[in-house]
Structures are given as structure tokens and as C-alpha cells.
Amino acid sequence: MNRIAVLTSGGDAPGMNAAIRSVVRKAIYEGLEVSGVFHGYQGLIDGKIEQFQLGSVGDIIQRGGTILRSARCPEFMTEAGREKAYNQLKLHGIDGVVIIGGDGSFRGAYELVKLGIPCACVPATIDNDINGTQFTIGFDTALNTVVEAIDKIRDTATSHERSFIIEVMGRDAGDLALWAGLGGGAESILLPEKAFDVNEIVQRIKQSTGRGKKHSIIVLAEGMMPAHNLAEILKKEAGVETRVSILGHMQRGGSPSARDRVIASQYGSRAVESLIEGKQSVAIGMRNHKVVDYNLEEVFTKREKLDLSLLDLAQTLSI
Ligand code: ADP
Ligand code: F6P
């Protein structure tokens, strides 16, 4: 392993820059050459590849987004596109690639592995939905963003004695909604992992207003249903009026939390180590407070369930 490349792909996540910095600095520390690939897999196909120095990643640890930019690249889903990417890697003398992204980006990496390119995948997505790791880069920052939004909405909800539905990102996963709902003290949390029961929600709203609560917060994971549909159902079936707040892409922005910077630094460094050790196909992650690398295939074959005991706790505490 003489030269490696690093790219960011898929939906961006706060902390991607800290991970890029870690990969570049660790690689140079270990005596490797390192290149940055711009615009994810599209940049690999188009040869947007630049050699990085220590200074290339200066002053980025605190910045949201990704200096390498990110992209969703349909061309990489084709054999012809991947062949172009392979040829570019060979042309630039690149022996291994660190891919920072989500589940889709990892699938792309697996295709590169099949072509004989060693890949180390660093999980970065606010959805926290990658099998094999307890935490992905960006989840903690997004969680804090959502909790802050809930706090603000709670102020106006209390003033006007209103019920609010707050729609949270997460694609098909309920992690962000669940943690934010618990951290924000929501009365109800609706997740794709749990069947929806309108009566239960209405019951909870009535229960809390009955004991003098002046507002009600429902945190809804986007993967469950669109917020306006839920508002419609609550109005039609129980006469409950709600206001809807869809938080949207603000959840993906902002300076990464200290925790995201720390895990990004750890994951990036471990990714470089795994390539140096000769590993061909790994994902990096966190298990029981330890940084680990594991076989990339585990990401696609195992299906981990959300810890629904957190939901039970949230409901117990918001009676
Ligand atoms: P994320 O990495 O955040 O989950 P996507 O699912 O959009 O984001 O995936 C990012 C990119 O990874 C896609 O645009 C595509 O270029 C590549 N990719 C995803 N799935 C595959 C696949 N099965 N084969 C090859 N490339 C893939
Ligand atoms: O995967 C990250 C994520 O922000 C999801 O939570 C969300 O469903 C999706 O990306 C939004 O994608 P886009 O940026 O294409 O609108």
C-alpha cells in the first residue's frame, strides 16, 4: 500500500470533514501518499482526483458538510461506470480507497472490492442505520439539532397550548426520531419499527392535557408516514388539531458535535490502519465503546433492530 484515496458519498453528515482530516493526516503519518476524490463516485469516474498534503485538511475539523463534496452517482451503478472508475484508480496509482458515507456508498465500495480494489468504509450518516456499528458519524450532531428544535417548538406550543407534530429525517430508520424524542421529552414518538396506533396517541394527548399539560409534542420519523398525513388522521379520527413542523435538511448541517469529531477521528485513522494491514473489504464502527473493523458483507447481510426499550422509557417518562 503506497497511495490511498478518500472520498465522501451519498447524503452528507456533520463530521465528514473531521473524518477526511483523520484519513489524510494518518496516511501521511504512516508514510503513505493520499489523494482526495471530489464529488464521490462521480469524481472517481471523471478523474477528479488531487494529491493532498497535511495542509489540505487544515481548519476543517469544525466545519459541517464535506470539502470533498458529495454526490449520488447513477453511472456508478453500471458496470461501464465502474470500469471507468477502476481505470482512473489505476491511472493514479491508487492501491486502496477509504469511502466515507452511508449504506448505499458501502454497496458501491463492495463493487470496487469485487474489482480487486481494497476498500475501508467509514460510516457517516445522520440516519445511524448502518448494520454492525452502534454509531455513525453525524448522528450525534443531528440529534442535538433536533433536540434544540424540539425545545424551541415546545416554547411556542406551551404559549398557545397546542399539539405539534415534528417530522424528523432518518429514511427507513427511526433512530434519530427515537433518541430525539427521548431527549426532547416528547409525549409520543412514532417510528417505522413500531406499528402505528392512532388511539394510543390520542389517549396520550388526552392523558397529558387531563393532568394540566399545556402542550403536546409528537416526534414522527419520516419513514413512518408524512407528517401532514398524520395531522389529517388525528383531526379526522379524533378531532385533535395539530401544527406540523418538518425539520428537513437543516438536520444535516452545522458544525459537528465534539462526539462526532472524536469518532470521525477514530474511524478515519482505523480505516487507514486496516488498509495498511492488508484488509481488503472492511467497515469501521463502534461496538461497546471500542472502535472495530469488520467484514463489509456484514453490513448487507445482518439486520439489526432498533433498541425499543428506549421507546418504552420515553413513554414511561412522558405520562
Ligand atoms: P448513502 O451512502 O448515503 O446511503 P446512496 O444510497 O444514495 O447514499 O448511495 C450513494 C451512491 O453509492 C449512489 O449514488 C451510487 O453511486 C453508489 N451506490 C449505491 N448502491 C450501489 C450499488 N448497489 N452498486 C454500486 N454503487 C452503488
Ligand atoms: O440519508 C440521509 C438523509 O438525510 C435521510 O435522512 C433523508 O431521507 C435523505 O437523506 C434525504 O435525501 P436528499 O438529500 O436526497 O433529499
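What you are looking at is a predicted structure, and each value in this text was computed from that prediction instead of being measured.

Undergrad: For the pattern of salt bridges, give the residues involved together with the corresponding values.
TA: On inspection of all chains with the given rule, the structure shows 18 salt bridges. The partner of Glu-148 in a salt bridge is Lys-152, and the shortest N-O contact between them spans 3.3 Å. Pair noted here: Glu-148 and Lys-152 are both in helix H5 (residues 139-160), with a separation of four residues, about one helical turn. According to the relative accessible area criterion, Glu-148 is partly exposed, its value standing at 45%. Of the charged contacts in the structure, one is a salt bridge between Lys-279 and Asp-293, with a shortest N-O distance of 3.2 Å. Of this pair, Lys-279 sits in the loop between helix H9 (258-276) and strand S10 (281-287) while Asp-293 sits in strand S11 (residues 290-295); the two residues are 14 residues apart in sequence, bridging distant segments of the chain.

Undergrad: Tell me about the domain arrangement of the protein, residues and numbers included.
TA: Taken as a whole, the protein is organised into domain 1 (3-138 + 256-300) and domain 2 (141-252). For domain 1 versus domain 2, the separation of C-alpha centres amounts to 34 Å. On the domain 1 side of the interface with domain 2, the three residues burying the most area are Asp-12, Ile-126 and Asp-127, jointly 47% of the side's total. Between domain 1 and domain 2 we count two salt bridges in total. Put simply, Arg-252 and Asp-12 hold a salt bridge, and the shortest N to O gap is 2.7 Å. Counting across the domain 1 and domain 2 interface gives six residue pairs in polar contact (both at pLDDT 80 or more). Here the side of domain 1 that touches domain 2 is built from residues that sort into five nonpolar, four polar and five charged.

Undergrad: Can you break down the sheet that holds strand S2 (residues 33-37) residue by residue, with the values?
TA: Reading across from one edge, S3-S2-S1-S4-S5-S10-S11 is the order of the seven strands in this open sheet, with mixed pairing throughout. Here the strands that pair on one side only, and so sit at the sheet edges, are strand S3 (49-52) and S11. Each neighbouring strand pair of the sheet contributes to a mean axis angle of 25 degrees, computed without reference to strand direction. Sheet topology note: the strand S1 (residues 3-8)/S2 ladder contains four bridges and is parallel. Residue pairing for S2: Ala-5 is matched across the bridge by Ser-35.

Undergrad: Requested: an account of the nonpolar core, with residues and values cited.
TA: Counting 63 residues, the largest nonpolar core has Ile-4, Val-98, Ile-100 and Ile-217 as its most contacted members. No other element matches the nine residues that H5 contributes to this core. Each of two domains, domain 1 (3-138 + 256-300) and domain 2 (141-252), supplies a minimum of three residues to this core. Beyond its immediate stretch of four places on either side in the chain, Ile-100 contacts Val-6, Leu-7, Thr-8, Ser-9, Met-16, Ala-19, Ile-20, Val-122 and Ala-124. Counting 26 residues, the second largest nonpolar core, distinct from the first, contains Tyr-41, Phe-106, Ile-130 and Val-299.

Undergrad: How would you sum up the layout of surface pockets? Please name residues and give values.
TA: Of the volumes computed, that of the largest pocket is approximately 1,300 Å³. Considering the residues around the largest pocket, the lining is formed by 50 residues, among which Asp-103, Asp-127, Asn-128, Asp-129 and Ile-130 are closest to the centre. Breaking the lining of the largest pocket down by element, the ones donating at least two residues are helix H4 (103-114) and helix H6 (175-183). Counting residues per element, the lining of the largest pocket draws most heavily on H4, at six residues. Of the residues contributing to the lining of the largest pocket, the split by class is 17 nonpolar, 14 polar and 19 charged. The residues that make up the lining of the largest pocket include at least three from each of domain 1 (3-138 + 256-300) and domain 2 (141-252). Here the second largest pocket defines a volume of roughly 160 Å³. Along the wall of the second largest pocket there are 13 residues; nearest its centre are Ile-189, Leu-190, Lys-194, Ala-195 and Glu-200. Broken down by secondary-structure element, the contributors of at least two residues to the lining of the second largest pocket are strand S7 (188-190), helix H7 (198-210) and helix H11 (309-317). Class assignment for the residues of the lining of the second largest pocket results in seven nonpolar, two polar and four charged.

Undergrad: Can you break down the sheet that holds strand S8 (residues 216-221) residue by residue, with the values?
TA: As summarised here, the arrangement of the four strands in space is S7-S8-S6-S9, forming an open sheet in which the pairing is parallel. The open sheet is flanked by S7 and strand S9 (242-246), the only strands paired with a single partner. The sheet shows a mean angle of 20 degrees between the axes of neighbouring strands, direction not considered.

Rules and cut-offs
For every chain, the first residue of the written sequence is number 1, and numbering continues from 1 along that sequence. Each chain takes a letter, starting from A, and each ligand takes a number, starting from 1, following the order in which they are written. Per-residue local features of the predicted model are confined to residues with pLDDT of at least 70, and side-chain atom pairs are confined, for both listing and counting, to 80 or more; whole-chain, interface and lining totals are unaffected and use all residues. Note: side-chain values were computed over all heavy atoms of the structure, leaving out hydrogens and water. The salt bridge definition used is simple: a Lys or Arg side-chain nitrogen within 4 Å of an Asp or Glu carboxyl oxygen. Elements are defined by DSSP. Helices are runs of H or I of four residues or more, strands are runs of E of two residues or more, and each kind is numbered from the N terminus. Each residue is assigned to one of three classes by its accessible area relative to the maximum for its type, calculated with a 1.4 Å probe on protein chains only: buried under 20%, partly exposed between the two thresholds, exposed over 50%. Start and end points for every domain follow an automatic or database-based domain assignment. A quick way to say it: buried area is the sum, across both parts, of accessible area lost when two parts are put together, with a 1.4 Å probe. The definition of a polar contact used here is a pair of N or O atoms within 3.5 Å, where within protein one atom must be able to donate a hydrogen and the other to accept one, and adjacent residues in sequence count solely through side-chain atom pairs. Each residue is assigned to one of three groups, with Ala, Val, Leu, Ile, Met, Phe, Trp, Tyr, Cys and Pro labelled nonpolar, Asp, Glu, Lys and Arg labelled charged, and all others, Gly among them, labelled polar. Only strands joined by at least two bridges in the DSSP assignment are considered to pair. For helices, the fitted axis covers only the stretch in contact; all axes are lines through C-alpha atoms, and the angles between them, taken along N-to-C directions, range from 0 to 180 degrees. Here the nonpolar core consists of buried residues drawn from Ala, Val, Leu, Ile, Met, Phe, Trp, Tyr and Cys, with membership extended through side-chain atoms lying within 4.5 Å. Only heavy atoms matter for contacts: two residues are in contact if any of them lie within 4.5 Å across the pair. A cavity here means a set of points on a 1 Å grid, drawn over the protein atoms and nothing else, where a 1.4 Å probe fits but cannot get out; a pocket is an open set with protein on both sides within 12 Å along at least five of seven lines, and a residue lines either one if it has an atom within 4 Å of a point. Grid points are joined across faces, edges and corners, and a volume is the space filled by probe spheres set on the points.

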